[in-house]
Amino acid sequence: METTNSKIQTSEGKTTAIIAYITIFGLIIAFIMNNDKNNPFAKYHIKQSLGLILVAFALGAVGLVPILGWIINLVGIFVLTYMWIMGLINAINEKQKPVPILGEKFEEWFKNI
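Note that the coordinates shown come from a computational prediction; the quantities given were computed from them, not determined experimentally. (Residues numbered from 1 in each chain as written. Predicted model: local features only at pLDDT ≥ 70, side-chain atom pairs only at ≥ 80, totals over all residues. Heavy atoms only, no water.)

Chemist: Can you walk me through the side chain of Asn73 in this structure?
Modeler: Turning to its location among the elements, Asn73 is positioned in helix α4 (residues 68–92). With relative accessibility at 16%, the residue Asn73 sits in the buried group. For Asn73, the side chain forms a polar contact with the main-chain oxygen of Leu59, separated by 2.6 Å. Setting aside its immediate chain neighbours within four residues, Asn73 contacts Leu59, Gly60 and Gly63. (Helix = DSSP H or I, 4+ residues; strand = E, 2+ residues; numbered from the N terminus. Buried < 20%, exposed > 50% of the residue type's maximum accessible area, 1.4 Å probe, protein only. Polar contact = N/O pair within 3.5 Å; in protein donor to acceptor, adjacent residues only side chain to side chain. Contact = heavy atoms within 4.5 Å.)

See below:
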């Protein structure tokens, strides 16, 4: 069961966590907002959003390849949108849960951020 202190930290970081999922500018703003507070809930969702942004850039690079790249990009966009929606829903519902498919990898890759 969550402690009271943990619930308070989650509630305080909720807005920052939600902002992190709103475009790359939202991610930058959330990172700056959380820089002084260092809220663990917001930090978690900032890392998840960072992973999604990096996957989006990778998909963009793959999309430059004719035909096969375009197909991968198109499918990837739908998968990425699903992952983004799930991450945003988790932030709104105050859940510290990884985004589907790559969320656990994002936790591993960005543990030092």
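Chemist: How should I be thinking about the packing of aromatic side chains in this particular structure?
Modeler: Each aromatic ring pair is specified by the distance between its two centres and by the angle formed by the two planes. Throughout the structure, instances matching the rule amount to two aromatic pairs. A ring pair is formed by Phe106 and Trp109, whose centres lie 6.0 Å apart and whose planes are at 55 degrees; its orientation type is tilted. Taken as a pair, Phe106 and Trp109 lie in helix α5 (residues 103–109) at a separation of three residues, close to a single helical turn. Residue classification places Phe106 among the buried positions, given a relative accessible area of 1%. The exposed category is assigned to Trp109, whose relative accessible area is 52%. Members of the aromatic cluster, connected to one another through ring pairs, are Phe106, Trp109 and Phe110. (Phe/Tyr/Trp six-rings, centres within 6.5 Å; stacked < 30°, edge-to-face > 60°.)

Chemist: Would you explain the packing of helix α2 (residues 23–37) against helix α3 (residues 40–62) in this entry?
Modeler: Two quantities define a packed helix pair, namely the angle between the axes and the distance from one axis to the other. Between α2 and α3, whose axes approach to 10 Å, the crossing angle comes to 150 degrees. Looking at the two axes, α2 sits roughly antiparallel to α3. Judged by the sense of rotation from one axis to the other, the crossing of α2 with α3 is left-handed. Only Ala42, Lys43, Ile46, Ser49, Leu50, Ile53 and Phe57 of α3 make contact with α2, whose side of the interface consists of Thr23, Ile24, Leu27, Ala30, Phe31 and Asn34. Taken together, the residues that form the contact of α2 with α3 break down as nine nonpolar, three polar and one charged. (Axes fitted to C-alpha atoms, helices over the stretch in contact; angles between N-to-C directions. Parallel < 35°, antiparallel > 145°, perpendicular 65-115°, else oblique. Left-handed = near helix turned anticlockwise from the far one by under 90°. Nonpolar A, V, L, I, M, F, W, Y, C, P; charged D, E, K, R; others polar.)

Chemist: What should I look at first to understand the nonpolar core in this one?
Modeler: Within soluble globular proteins, side chains that are nonpolar generally end up buried alongside one another. If you look at the biggest cluster of nonpolar residues, it comprises 12 residues: Ala17, Tyr21, Phe41, Leu52, Leu59, Leu80, Met83, Leu88, Ala91, Val99, Phe106 and Phe110. Taken together, the elements giving at least two residues each to this core come down to α3 and α4. The contacts of Val99, once residues within four sequence positions are left out, are Tyr21, Gln48, Leu52, Met83, Gly87 and Phe106. Grouped together as the second largest cluster of nonpolar side chains are five residues, Ala20, Leu27, Ala30 and Ile53 included. (Core = buried A, V, L, I, M, F, W, Y, C linked by side-chain atoms within 4.5 Å.)

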